[in-house]
Amino acid sequence: MATPVAVTEREGVAKKVMPDLVQVGIVQMCSRNDKESNFLECEKLVAEAATAGCKLVAFPECFSFIGAKPGEAQIAAEPLTGPTMSRYCELAKKHEIWLSLGGFQELPASPEGSDAQAPKIYNAHVVIDSGGEMVAQYRKIHLFDAPCFNLVESNQTVGGAEVVSCDSPIGRLGVTICYDMRFPELYQNLRFTHGCEVMLIPAAFTVPTGQAHWESLLRARAIECQCYVIAAAQTGRHNEDGNRRESWGHSIVIDPWGKVLQDMGRDEMGLRVVALESSVLEDVRRRMPLDTHRRYDIYGPEATESAKKQSA
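Residues numbered from 1 in each chain as written. Predicted model: local features only at pLDDT ≥ 70, side-chain atom pairs only at ≥ 80, totals over all residues. Heavy atoms only, no water.

Draft legend 1. The overall build of the protein chain, seen in detail. Of regular secondary structure, the protein chain possesses 9 helices and 17 strands. At 19 Å, the protein chain has a C-alpha radius of gyration in line with the 20 Å of a compact globule built from 312 residues. Split into buried and exposed, the 312 residues of the protein chain put 54% on the buried side. Here the analysis covers contacts within the protein chain between residues at least 6 apart in sequence; of these, 73% occur between residues at least 24 apart. Of the roughly 13,700 Å² that the protein chain leaves accessible, carbon and sulfur atoms contribute 51%. Of the charged side chains in the protein chain, 32 are positive and 41 negative, and the gap between their average positions amounts to 3 Å. (Helix = DSSP H or I, 4+ residues; strand = E, 2+ residues; numbered from the N terminus. Rg over C-alpha atoms; globule rule 2.2 N^0.38 Å. Buried < 20%, exposed > 50% of the residue type's maximum accessible area, 1.4 Å probe, protein only. Contact = heavy atoms within 4.5 Å. Areas by Shrake-Rupley, 256 points an atom, 1.4 Å probe, with all protein chains shown as cover. Lys, Arg positive; Asp, Glu negative; His and termini not counted. Charge placed at Lys NZ, Arg CZ, Asp CG, Glu CD.)

Draft legend 2. Structural view of the side chain of Gln 188. Mapped onto the secondary structure, Gln 188 falls in helix 4 (residues 184-192). Overall, the relative accessible area of 15% leaves Gln 188 in the buried class. Contacts of Gln 188, omitting those with residues within four sequence positions, involve Thr 193, Glu 224, Cys 225 and Tyr 296.

Draft legend 3. Just the layout of surface pockets, in detail. Approximately 910 Å³ is the volume found for the largest pocket. In terms of lining, the largest pocket is formed by 39 residues, of which the most central are Asn 150, Leu 151, Gln 156, Asn 243 and Arg 245. The residue makeup of the lining of the largest pocket, split by class, is 18 nonpolar, 13 polar and 8 charged. (1 Å grid on protein atoms, 1.4 Å probe; cavity = no way out; pocket = protein on both sides within 12 Å on 5 of 7 lines; lining within 4 Å. Points joined across faces, edges and corners; volume = space filled by probe spheres on them. Nonpolar A, V, L, I, M, F, W, Y, C, P; charged D, E, K, R; others polar.)

Draft legend 4. Local environment of the nonpolar core. Core analysis: the largest hydrophobic core is formed by 51 residues, its most contacted members being Trp 214, Ile 230 and Leu 276. Per-element accounting of this core gives the leading share, 6 residues, to helix 5 (residues 207-225). (Core = buried A, V, L, I, M, F, W, Y, C linked by side-chain atoms within 4.5 Å.)

Draft legend 5. Spotlight on unusual backbone geometry. If you check the backbone angles, Glu 96 has positive phi at about 50 degrees while not being a glycine. Structurally, Glu 96 can be placed in the loop between helix 3 (83-95) and strand 4 (98-106). Under the relative-accessibility criterion, Glu 96 is labelled exposed at 65%. Backbone geometry places Arg 244, a non-glycine residue, at a positive phi of 50 degrees. For Arg 244, the location among the structural elements is in the loop between strand 13 (233-237) and strand 14 (246-248).

What follows is the structure in structure tokens.
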């Protein structure tokens, strides 16, 4: 069983985990505020991915539920041991496939917030193995507080405090969510400290930010980290009787050179299958060895801490 790694335990890791060639499924969907209908759609797509020979299928943020009105997400939240996540664990086990489930409304063991009916929750990304076991649990660190887009995530969500990675049949995974992609230091840590080969970035991007930044940010993370990027996305209008939230779509897979391997656009929903090749990753890293060229002694965390001590 794979073991999740938190914070910075893997300094200097160079172990290859990615197989020579592996099939991965990426999903694009339009979730609603209805757990059952969302599960039935996910169930169908997992079966398709397993039949296609995928070792892992990546779902977007809010795969199991997306609220239409204030407070709905908190009411829908459950512990990771609750009935909803248990169904997805059984689904992975039934089809003997790994699942990347990013953007789950997790009810903390000790909920925060003054409203007892709608306590603050975590935005969690869970990786489940082919035996139905949860092998990584990441709580979104960077919360999307953007009133100009009518979204203030911290009103309902508590930020996480751990960097998480795990081994898998498709390589060593960096486990993140959506808005995290705007903070490159997180991905540098996942690549150069945790030894990641594939970055998982499930998302529900707004249309204005998606038009402006989606592909640029994701290609930048792939290029600077020399990793595959898999960003499964929500698309379309999620409801007509509430906030009328709309997502950008464009579920995308990018290789370590920054080449787009799949882009599902705005209108397509369902599953696409893409092959990841370790030779591509190894060739990019060999030709441009960023891991040996970095000068963190000058501009990294250690240098910053040293400068603080000198100026004290």
